[in-house]
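The lines below spell out each chain.
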Amino acid sequence: MSTFYITTPLYYVNDEPHIGHAYTTILADVLSRFRKNLGEDVYFLTGTDEHGQKVQEASFKRNVTPKEHADEYVKRFKNAWDNLDIEYDYFIRTTDSNHKDRVKEILLSLFKKKDIYFDEYEGLYSVSEERFITEKEKEEGDFREIKKIKEKNYFFKMSKYQEKLIEHIKENPNFIQPKSRRNEILSFLKKPLKDLCISRPKTRLSWGIELPFDENYVTYVWFDALINYISGIGWNSDNKKFRRYWPAKCHLMAKDIVTTHCVYWPTMLMACNIELPEKIFAHGWWLVDNVKMSKSLGNVIKPLDLASEYGSDSLRYYLMKNMVLGQDATFTLDSFIKRYNADLANDYGNVINRVFVLTSKYFNSLVPDPGEYNEIDLELIRNFDGIEDKVSKYIEEMKIHDLAEFIFSLIRSINKYLEQKAPWKTFKEYPKEKEVTATTLYLSIESIRICTQLLNPIMPNKTNLVLNAIDSNEIDFNFGKIKAGQKINSLSTLFPRIDI
Ligand code: MSP
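These figures come from a predicted structure and were not determined experimentally.

Novice: What's the story with the overall build of the protein chain in this structure? I'm lost.
Specialist: A tally of helices and strands in the protein chain yields 20 helices and 16 strands. The buried share among the 500 residues of the protein chain stands at 55%. About 22100 Å² of surface is accessible on the protein chain, with carbon and sulfur atoms providing 47% of the total. When the 71 basic and 73 acidic side-chain charges of the protein chain are each reduced to a single mean position, those positions are 1 Å apart.

This is the structure:
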């Protein structure tokens, strides 16, 4: 069985989960569920990044220890993911002892190998970004709280792997996606790569993993956090599991953290002689009023508020449908409500309601026995030809928004089919030739079943209600699965219209 290991970034516990975090995590969940439905062995890892300056500061502000602070915020993330129906396999925390041990092993082995060395460095340090920056970055970027610091620190010989990394990116066109990010990294790599400062003196920061070879220092938060992708699936602790899932099929994130994932992480893996992940995919940002959502700007949209008001399924659907993967998207309540009313209440909710009501009226809520298919019936069936390959292709190409559109075009084709075949007329006009109406409703129920199974990874809750009502939980995208005579249970309105 082919395996599919997918990860999200580990979110900092200095922030409440917002729509941006929810988006990446829902996307990972949707991709995982699609893969599972296609029969793959999926492992989905998410979690929290708990060390470093930002978390230490956030905890001091609340007058609690960093660990107490992290414990509290982890609950909020886990609670959010539960409420959004995220089915992860493991939630890793960088304060887990297994993770810390693996980080120390890597540090020690690279230190022994002399890929980590001690040196004095004087440079500009951005407290907000928690790293040394260049003069050029200072001029161009929006780094805050910049200080000049002269300090002895440990450095990872990142520069040693620069050529090998460039080669890898060139030989593997799908390694960094979308293309725009790949080009960005290749142009970044045209300049000589600096070695990476991977320690922080305890005099400045105490909340971190202590270096195994120098108790006066803790590990730089990124060097620690990136290792989760292998510590979380058993590297050096559960080798069977690690061999099964590594290399990751996809590290998912937004474009803000591409350099750390496409430069720091691969060179760290190269130094450890570990294979590189297959794909690093960066989506765009959710913007509010055209600026990125962030805690410091105070413009965050809380996913749980929306989910509790309109249901987690509708939020999941909106986020998947309204962001073209790779580009930025703007969140507005208005676009959310329009999308909900048009697609969910109108198209999907409506077709189910119509077909269920007609089946109850004419066939006592039993799946009718179809007769011969005419050209209109065959045309409907043809819309579903080769569906599994189409779905696989959309997923492989990370075109979830197009996949959602494709599924809704099928749903709209059922509504159109009903209009053409008008079972309410045929039933009245040919009461004795019930099979004309029976065929229409049979094929409509089957089309609804397939569309619902297709939508299931995006909207697991409501689609399960529908699948239970027609007793069709086993995924199969072919016609003819549902048996005539089977009972159809009634359903209350799935997506009541939202009146503005
Ligand atoms: N802790 C690091 C990641 C370490 S991974 C080994 C970090 N954390 S974060 O909390 O800032 O999360 C950043 C990620 O959250 C983004 O890459 C993206 O996945 C998600 N998003 C945060 N804000 C977002 C938007 N406004 N829009 C879309 N995604 C956003 O960086």
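Novice: Please explain the pairing of strand E6 (residues 146–156) as it appears in this structure.
Specialist: On a regular strand, one side chain projects to one face of the sheet and the next to the other, so that they alternate. With eleven bridges joining them, strand E4 (residues 116–126) and E6 adopt antiparallel strand pairing. In the sheet register, Leu 124 faces E6, and the bridge partner there is Lys 148. For E6 and strand E8 (residues 196–197), the ladder comprises two bridges, and the chain directions are antiparallel. From the neighbouring strand, Phe 155 faces E8, where its bridge partner is Cys 197.

Novice: Would you explain the site of the ligand in this entry?
Specialist: Neighbouring the ligand are 25 residues, the closest being Leu 10, Thr 24, Asp 49, Asp 256 and Trp 286. Backbone polar atom of Tyr 12 to an oxygen atom of the ligand: 3.0 Å apart, as the coordinates give it. One nitrogen or oxygen atom from the side chain of Thr 24 is found 2.6 Å from an oxygen atom belonging to the ligand. Computed on the free molecule, the ligand has an accessible area of 670 Å², of which 95% lies beneath the protein chains in the complex. For the shell around the ligand, the secondary structure elements donating two or more residues are strand E1 (3–12), helix H1 (19–37), helix H8 (221–226), helix H9 (228–231) and strand E12 (250–254). In terms of residue count, the dominant contributor to the shell around the ligand is E1 (four residues). In the shell around the ligand, the residues fall into 14 nonpolar, eight polar and three charged.

Novice: Looking at this structure, I do not really get the sheet that holds E8. What am I missing?
Specialist: To summarise the sheet geometry, strands pair through backbone hydrogen bonds and adopt either a parallel or an antiparallel arrangement. The antiparallel open sheet is built from four strands, whose spatial order is E5-E4-E6-E8. Of all strands in the sheet, those bounded by a partner on one side alone are strand E5 (131–133) and E8. In this structure, E4 lies alongside E5, joined through three bridges in antiparallel fashion. Following the sheet pairing, Leu 124 is matched in E5 by Ile 133.

Novice: I would appreciate a short explanation of the nonpolar core in the present structure.
Specialist: Trp 81, Leu 252, Trp 286, Leu 319, Met 320, Tyr 348 and Ile 387 are the most contacted members of the largest nonpolar core, which has 97 residues in total. For this core, the element with the highest residue contribution is helix H14 (residues 333–363), accounting for 13 residues. Beyond its immediate chain neighbours, meaning those up to four positions away, Tyr 348 contacts Asp 343, Phe 408, Ile 411, Thr 452, Leu 455, Met 459, Thr 463, Val 466, Leu 494 and Phe 495. By size, the runner-up hydrophobic cluster in this structure holds 58 residues, among which are Ile 198, Phe 242, Met 270 and Ile 274.

Novice: So what exactly am I meant to see when it comes to the side chain of Ser 365 here?
Specialist: Assignment of secondary structure puts Ser 365 in the loop between H14 and helix H15 (375–383). A relative accessible area of 15% means that Ser 365 is categorised as buried. In this structure Ser 365 touches Thr 359, Ser 360, Gln 486, Lys 487 and Ile 488, once residues within four positions along its chain are discounted.

Novice: Quick question: what am I supposed to make of the packing of aromatic side chains here?
Specialist: Centre-to-centre distance and the angle between the planes together describe a pair of aromatic rings. The final tally for this structure, using the stated rule, is 34 aromatic pairs. Where Phe 242 meets Trp 246, the ring centres are 6.0 Å apart and the plane angle is 15°; that geometry is what we call stacked. For Phe 242, a relative accessible area of 11% translates into the label buried. For Trp 246, a relative accessible area of 8% translates into the label buried. A ring pair is formed by Tyr 362 and Phe 427, whose centres lie 3.9 Å apart and whose planes are at 10°; its orientation type is stacked. Taken together, the residues Tyr 362 in helix H14 and Phe 427 in helix H18 (residues 423–429) connect sequence positions 65 residues apart. Directly above the aromatic system of Tyr 125 lies the positively charged group of Arg 204, at a separation of 4.4 Å from the ring centroid. Over the ring of Trp 285 we find Lys 255, and its NZ or CZ is 4.6 Å from the ring centre.

Novice: Is there a simple way to think about the packing of H1 against helix H16 (residues 387–396) in this case?
Specialist: Each packed pair of helices is defined by two parameters, the angle between the axes and the distance between the axes. Packing of H1 against H16 brings their axes to within 11 Å, and their N-to-C directions diverge by 145°. Handedness of the crossing formed by H1 with H16: left-handed. Listed contacts from H16 to Leu 31, Phe 34 and Arg 35 of H1 are Val 391, Ile 395 and Glu 396. For the contact of H1 with H16, the per-class residue count stands at four nonpolar, no polar and two charged.

Novice: So what exactly am I meant to see when it comes to the pairing of E12 here?
Specialist: The buried count for E12 comes to five of five residues, which makes it a mostly enclosed element. Side-chain alternation along E12 places Cys 250, Leu 252 and Ala 254 on one buried face and His 251 and Met 253 on a second face that is also buried. Note that E12 and strand E13 (residues 280–283) share four bridges and pair parallel. Looking across to E13, one finds that Ala 254 is bridged to His 283. Note on the crossover from E12 through helix H11 (residues 258–271) to E13: the handedness is right-handed.

Novice: Is there a simple way to think about the sheet that holds E12 in this case?
Specialist: Read across the open sheet, the six strands follow the order E3-E2-E1-E12-E13-E7; overall the sheet is parallel. Only two strands of the sheet have a single partner each, and these edge strands are strand E3 (90–93) and strand E7 (176–177). Of the strand pairs in this sheet, E1 and strand E2 (residues 41–49) are connected by eight bridges, and their pairing is parallel. Looking at E2, one finds that Tyr 5 is bridged to Tyr 43. Strands in contact with helix H3 (residues 66–83) are E1, E2 and E3; relative to E3, the strand with the most contacts, it is inclined by about 160°.

Novice: Help me out: how do you make sense of H14 in this one?
Specialist: Residues spaced three or four apart along an α-helix face the same direction, because each turn holds 3.6 residues. Along H14, the sharpest kink reaches roughly 35°, centred on Gly 349. Directly beyond the C-terminal end of H14, a positive phi value near 55° is found at Asn 364.

What counts and how
- Residues numbered from 1 in each chain as written.
- Predicted model: local features only at pLDDT ≥ 70, side-chain atom pairs only at ≥ 80, totals over all residues.
- Heavy atoms only, no water.
- Helix = DSSP H or I, 4+ residues; strand = E, 2+ residues; numbered from the N terminus.
- Buried < 20%, exposed > 50% of the residue type's maximum accessible area, 1.4 Å probe, protein only.
- Areas by Shrake-Rupley, 256 points an atom, 1.4 Å probe, with all protein chains shown as cover.
- Lys, Arg positive; Asp, Glu negative; His and termini not counted.
- Charge placed at Lys NZ, Arg CZ, Asp CG, Glu CD.
- Pairing = 2+ DSSP bridges.
- Near = heavy atom within 4 Å.
- Polar contact = N/O pair within 3.5 Å; in protein donor to acceptor, adjacent residues only side chain to side chain.
- Nonpolar A, V, L, I, M, F, W, Y, C, P; charged D, E, K, R; others polar.
- Core = buried A, V, L, I, M, F, W, Y, C linked by side-chain atoms within 4.5 Å.
- Contact = heavy atoms within 4.5 Å.
- Phe/Tyr/Trp six-rings, centres within 6.5 Å; stacked < 30°, edge-to-face > 60°.
- Lys NZ or Arg CZ within 6 Å of the ring centre and 35° of its normal.
- Axes fitted to C-alpha atoms, helices over the stretch in contact; angles between N-to-C directions.
- Left-handed = near helix turned anticlockwise from the far one by under 90°.
- Right-handed = clockwise from strand over helix to strand, strands pointing away.
- Bend = angle between axes of the 7 residues up to and from the residue.

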